[in-house]
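Report on the structure
Here is what each chain is made of, one letter per residue.
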Amino acid sequence: MALFDNPTHRITLSSVASSTDTGGGTALTYSTAQSDVGCIINTASASEREIAAQTGQVVTHTIAILTSSLTTVPARGWKATTDDRSESYHVTGIRHGRAYGSVPSFVYLMCEQQI
């Protein structure tokens, strides 16, 4: 059985909206866009971190999601929260992988872990 047939983690994807608070600052509000999304979470490689840094992004982890399991389109600024480990990730970039042979397509969320 391939790893993508039985993903190791489940996440909730949350969209973000910003508004101006009474003091003139910005307030972010997160709303659940899709829950119970199977995924694989990996620590970002040195080359992934270096490439992201060239565009001013901070990337600590990559979250791989089977494209066919998504019912929403993730965007930069969204939040991914693990259902099993209570970890939170800020989405700083997105890559799309194409299907090849028997390997299906994936969406890769480039993320900074929130501590």
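Refer to the structure printed above.
In what follows, the accompanying structure is described. Here the structure is a predicted model, which means the values were calculated and not measured.

1. Structural notes on the environment of Thr22
Residue placement: Thr22 occurs in the loop between strand E1 (9-20) and strand E2 (26-43). Separated by 22 residues in sequence, Thr22 and Ala44 have C-alpha atoms that sit 38 Å apart.

2. What about the pairing of strand E4 (residues 79-82)?
The two faces of E4 differ: Ala80 and Thr82 on one face are buried, but Lys79 and Thr81 on the other face are not. As judged from the four bridges shared by E1 and E4, these two strands associate in the antiparallel manner. Pairing of Thr12 across the sheet is with Thr81, part of E4. Across three bridges, the pairing between E4 and strand E5 (residues 88-96) is antiparallel.

3. A short note on the pattern of salt bridges
Summed over all chains, the structure comprises three salt bridges. With its nearest N and O atoms 3.0 Å apart, the salt bridge here joins Asp36 to Arg10. Highlighted residues: Asp36 in strand E2 and Arg10 in strand E1, separated in sequence by 26 residues. Here Arg95 makes a salt bridge to Glu48, at a shortest N to O gap of 3.6 Å. In this pair, Arg95 sits in strand E5 while Glu48 sits in helix H1 (residues 46-54), placing the two residues 47 residues apart along the sequence. Taking relative accessible area as the criterion, Arg95 reaches 37% and is therefore assigned partly exposed.

4. Topic: the sheet that holds E4
Overall, antiparallel pairing links the six strands, which are arranged E1-E2-E3-E6-E5-E4 in a closed barrel. Strand-to-strand twist of the sheet, defined as the mean angle between neighbouring strand axes without regard to direction, takes the value 45°.

5. Regarding the state of the cysteines
Under the defined criterion, the tally for this structure stands at zero disulfides. Sulfur of Cys39: no disulfide; nearest cysteine sulfur belongs to Cys111 and is 9.3 Å away. Judged by its relative accessible area of 1%, Cys39 falls in the buried class.

6. Concerning unusual backbone geometry
At Asp36, a residue that is not glycine, the phi angle is positive and equals roughly 55°. Residue Ser86 is not a glycine yet carries a positive backbone phi of 55°. Position of Ser86 relative to the elements: it lies in the loop between E4 and E5. Classification of Ser86 as exposed rests on a relative accessible area of 68%.

Here is what the cut-offs are and how they apply
- Residues numbered from 1 in each chain as written.
- Predicted model: local features only at pLDDT ≥ 70, side-chain atom pairs only at ≥ 80, totals over all residues.
- Heavy atoms only, no water.
- Helix = DSSP H or I, 4+ residues; strand = E, 2+ residues; numbered from the N terminus.
- Buried < 20%, exposed > 50% of the residue type's maximum accessible area, 1.4 Å probe, protein only.
- Pairing = 2+ DSSP bridges.
- Salt bridge = Lys/Arg side-chain N within 4 Å of Asp/Glu carboxyl O.
- Axes fitted to C-alpha atoms, helices over the stretch in contact; angles between N-to-C directions.
- Disulfide = S-S within 2.5 Å.

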